[in-house]
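# Secondary and tertiary structure notes
The residues making up each chain are set out below.
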Amino acid sequence: MVWGIGASKKDGAKRKGWLDLGSPGLKQDLLWTLIQNVPVAYSIIDKSYRVRFVNDQMLRLRRLERGDVLGEVCYNLLNGGAHCQACVVGRAIEEGVPHRVLRKDIMPDGSVVYADDFAVPVNVGGQDMALEALVDRTLEMLIKEKTNAVFLEVIRSMIKLLEKKDPYTSRHCREVAAISSRLTQYMGLGNNAVYHAMLGGLLHDLGKLHVPDTVLNKRGRLEGWEMASIKEHPVFTYLILPDLVSLTAIRDVAISHHEKWDGTGYPNALQGDGIPVEARIAAVADTYSAMTSDRPYRKGMDHETAMAEIKKGAGTQFDPHVVEKFVQMVEEQSLDRRALIAPEDTTAFVQMLHSGRHVQRRITRAKGAQQGGRGQGHLADSDVRGLADSASFTGAILDATPATFMVIDECLNVLYASGGFARARGKTVEEVCAAKCFDAVGGKAAYCFEVKDGCVRCPAVRAFATGKQQRSLIREEFQGRTLYYDTYAVPVTLGDAAGNPIKCCLQILFDMTSEKLAQNELESDLRRTADTLYHFVTELDHGTTGNIEDVSDVVANLNDYLEKMQGELADMLASQGAG
Ligand SMILES: [Fe+2]
Ligand SMILES: [Fe+2]
C-alpha cells in the first residue's frame, strides 16, 4: 500500500477536491493523525532495545506513563529485565525483515491482553530501528477461550451422563478413546484426526443412554427387539450430541463405528473408504476393548487371543490397512492391554488444538528500571512527523496496521482511500474516490443514516457535527457475506493542492468480521446445546434408565452452566464495546 494515489496526481485536476498526497505537509498531517488516533499501539525501538517513541494507544494498552517509557529498555518495562521469548523487535532489526507473533500478556492486575505483535524494520536518521505495532485481539481470543470452555464442559457432562447410566460403557469409551488416538497418531494422520479419534472414541457409545438397562446388562442371547434396540445406539449418539460445528466430525465418527469394511455393518451399511478413517480406527479399538473387558457374565479375552481375532477380521469387518498398522504398532512398541488403554490428557490436547499458537508472558517491571537513559534520546514529535517522507517508515506503518482508511469531505465525497479499502470492496482506488462514501461501501446510505440509541450510526457524520473522534460498529454486505468493521472517524483539517483548508474526516476501519462470527457462533452453540439437552431429558423414562434422577441432574447442571456462560458472554461484549 502506498500513500498518494498515482491516479490522483495524474487525474487529480479532473476532479475538484481530490487530495494530492504529494503535496508537502499533507502526507505528514495524515500519517500523524493516523498514528495518534488509530487504535493500534505503536512504538519505535532502537538497536539497544530503548523505546524512542510511543503513541497514546501503547500507553493505554500497557498501562504506562509516557515519562516512564521513553528511553527505557523495552524488556525492562515488560519482562522483568530478561529478553522476551519470541521477541519480534530484535529479529526485525537484525534480519531486516518484518516479524509477527500472537502474544498473550498477563497484566500485573491479572487481566489478560491478547495482541498481534508486528515489528517492521525502519530507518530513522540513518539508524536501524523497529516499528512495533500491537493490535489488540483480546476480545476475539476471549471468545475463543470461552468457546473452548463450553465445548469441554459439554464433553465432560456427556461422559458424566454415561457414567451415571452405565459405568462399564463409560470405562469402555475411555479405552476406545485411548486406543484410537494412539493408533491415529501412529498412522501419522495429523492432529485433527487424532482429535476426532479421541473425542469420537470418548462419545461413541453415548447413544446407549437410550438402550434400556435390562438389555444393556442382559446375560445370554438377545431377543430380536433387544438387538434392534442395541443397534440404534450409533444413531442416538448422533442425535444426542448437539449439532455444533465443532462436533460435526466427531458425530460422523460416532455414527459410523459399527460400519464394516465389507459393507455389512450398521446403521448405513457404508463400505471401505466410504467410512471415515477415524471410524475405521474406532471399530478396531472398539472390538479390542470389548473383547478384552471382563463382564459380569464372562471373563475378558487375553491380549494375544484378541489380537488374533482382530487379524482375522481384516478385510471383512475391518480396514486391512488399519489392522496392519495396529498390529505393527503393538509389536513395535511392545504394547499390552494395560499400555494400550492408558488414558491421554484430553483437556490439554483439546486446548492446544483450539487456542492456536501464541506466546504467553507475565508483564513485570525490572527492579531498578528507569535508571538508565530515562527520557533521553527519544524522538521528538516533529522527528516522527518528518518520517512521513521516509518510504520505509510509511510502508511500515501501513503494512503493520491491519486497517483500511479513507478521507472524506463534509459532503461525504471520498478524497482518498487506501488500496486495502478499495480491494476489500472489489473496486479500484479510482472507483472509490469517484464516489460518495456510502456508495463506496455498497450504497448503504439508509443504513449509515439510521438513528441508533439516539445518534446517527455513521461515525463520520457525528465527527463532523461534534468536531470529536467517533466510533461505530458498521455492517456491510459484500458478495453475500456480512462484514463488520469497527470504524473510527477522526475530524481533521487538511490543505488541498492550492493550500486551502478543507474540513475532512479520516475514517479508519478495522475488520471485526471474525470476532463477530465467533461471537454469533458461540451464541448459537449455547442455544442449540440447551435445546438438544431439553429434548433429550424430556425423552428419558424410568423404564430405560434406573437412576434417571442422577442423569437428569447432570443435564440440569449443564443447562445452568450454559445459561451462566450466556450471561458472561453478554457482559464481556458489553465491557469490550463490541455489541
Ligand atoms: Fe458401539
Ligand atoms: Fe463401543
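Calculation criteria
Residues numbered from 1 in each chain as written. Chains lettered and ligands numbered in written order. Predicted model: local features only at pLDDT ≥ 70, side-chain atom pairs only at ≥ 80, totals over all residues. Helix = DSSP H or I, 4+ residues; strand = E, 2+ residues; numbered from the N terminus. Buried ≥ 20, exposed ≤ 12 C-beta atoms within 10 Å, placed from the backbone. Contact = placed C-beta atoms within 7 Å. Axes fitted to C-alpha atoms, helices over the stretch in contact; angles between N-to-C directions. Parallel < 35°, antiparallel > 145°, perpendicular 65-115°, else oblique. Left-handed = near helix turned anticlockwise from the far one by under 90°. Nonpolar A, V, L, I, M, F, W, Y, C, P; charged D, E, K, R; others polar. pLDDT = per-residue confidence, 0-100. Core = buried A, V, L, I, M, F, W, Y, C linked by C-beta atoms within 7 Å. Domains from an automatic or database assignment. Pairing = 2+ DSSP bridges. Arc of directions from axis to C-beta.

### What about the overall build of the protein chain?
Looking only at helices and strands, the protein chain features 27 helices and 13 strands. Sorting the 579 residues of the protein chain into buried and exposed places 39% on the buried side. If you take every contact in the protein chain between residues at least 6 apart in sequence, the share linking residues at least 24 apart comes to 61%.

### So, the packing of helix α9 (residues 191–203) against helix α14 (residues 277–292)
Close contact between α9 and α14 brings their axes to 10 Å; oriented N to C, the two are set at 45°. On the basis of the axis angle, α9 is oblique to α14. Pair α9 / α14 crosses with right-handed handedness. Contact residues: α9 offers Ala193, His196, Ala197, Gly200 and Gly201, while α14 offers Val277, Glu278, Ile281, Ala282 and Ala285. Of the residues contributing to the contact of α9 with α14, the split by class is 6 nonpolar, 3 polar and 1 charged.

### A look at the environment of Ile408
Assignment of secondary structure puts Ile408 in strand β7 (residues 403–409). Taking C-alpha positions, Ile408 is 5.6 Å from Cys504, a pair spaced 96 residues apart along the chain. Look past the residues within four positions of Ile408 in its chain and what remains in contact with it is Asn413, Val414, Leu415, Cys437, Ala460, Cys504, Cys505 and Gln507.

### Digging into the confidence of the model for the protein chain
Residues at a pLDDT of 70 or more form 91% of the protein chain, whose mean pLDDT is 83. When the elements of the protein chain are averaged for pLDDT, helix α1 (residues 6–11) gives the smallest value, 39, and helix α16 (residues 320–332) the largest, 97. The model gives residues 1–14 a pLDDT under 50, and that stretch makes 26 contacts with residues more than four places away or in other chains.

### Quick word on the nonpolar core
Within the largest apolar cluster, 85 residues are counted, with the highest numbers of intra-cluster contacts made by Ala130 and Ala417. Split by domain, the residues of this core number at least three in each of domain 1 (43–136 + 372–398) and domain 3 (403–511). Leaving out residues up to four positions away in the same chain, Ala417 has contacts with Met406, Ala422, Val429, Val432, Cys433 and Ala440. If you look at the next biggest cluster of nonpolar residues, it comprises 56 residues, including Ile155, Leu183, Ala254 and Tyr288.

### Here we look at the sheet that holds strand β5 (residues 127–136)
Paired through their backbone hydrogen bonds, the strands of a sheet run either parallel or antiparallel. Pairing in this open sheet of 6 strands is mixed, and the strands run β2-β1-β5-β4-β3-β6 from one edge to the other. Each having just a single partner strand, β2 (51–54) and β6 (359–362) make up the two edges of the open sheet. Mean inter-strand twist for the sheet, computed between neighbouring axes without regard to direction, equals 30°. Inspection of the sheet shows strand β1 (residues 40–46) paired to β2 by 3 bridges, in the antiparallel sense. Across the sheet, Ser43 pairs through a bridge with Val54, a residue of β2.

### Let's talk about helix α6 (residues 88–95)
Among the residues of α6, those classed as buried are Val88, Val89, Ala92 and Ile93. Buried residues along α6 cover an arc of 130° about the axis, so they all sit on one side. Lining the buried residues of α6 we find β1, α5 (74–78), β3 (99–106), β4 (112–124) and β5.

### What about the sheet that holds strand β13 (residues 501–511)?
Judged by pairing direction, the sheet is antiparallel, and its 5 strands sit side by side in the order β8-β7-β13-β12-β11 without closing on themselves. In this open sheet, the two strands that pair with only one neighbour each are β8 (414–417) and β11 (470–478). Strand-to-strand twist in this sheet, taken as the mean axis angle between neighbours without regard to direction, amounts to 30°. Sheet topology note: the β7/β13 ladder contains 7 bridges and is antiparallel. Directly across from Phe405, in β13, lies its bridge partner Ile508. Running over the sheet, helix α2 (residues 26–37) touches β12 (481–495) and β13 and is turned about 130° from β12.

### Some remarks on unusual backbone geometry
Between Tyr266 and the following residue, Pro267, the backbone shows a cis peptide bond with an omega angle of 5°. Of note in this structure, Ala269 is not a glycine but carries a positive phi near 45°. Structurally, the position occupied by Ala269 is in the loop between α13 (248–255) and α14. Assessed through the 12 C-beta atoms surrounding it within 10 Å, Ala269 is described here as exposed.

### Thoughts on the domain arrangement of the protein chain
For the protein chain, the domain assignment lists domain 1 (43–136 + 372–398), domain 2 (142–335) and domain 3 (403–511). Computed from C-alpha coordinates alone, the two centres of domain 1 and domain 2 are separated by 52 Å.

### Points about the pairing of β1
Burial within β1 is extensive, with 6 of its 7 residues counted as buried. As paired elements, β1 and β5 share 7 bridges and run antiparallel to each other. Considered in β5, the bridge of Val40 is made with Val135. Connecting β1 to the antiparallel partner β2 that follows it, the hairpin turn spans 4 residues, and Tyr49 within it adopts a positive phi of roughly 65°.

### Quick word on the environment of Met187
Relative to the assigned elements, Met187 resides in the loop between α8 (167–186) and α9. Residue Met187 is classed as partly exposed on the basis of its C-beta count, with 19 C-beta atoms lying within 10 Å. Spatially, the C-alpha atom of Met187 lies 9.9 Å from that of His321, the residues being 134 residues apart in sequence.

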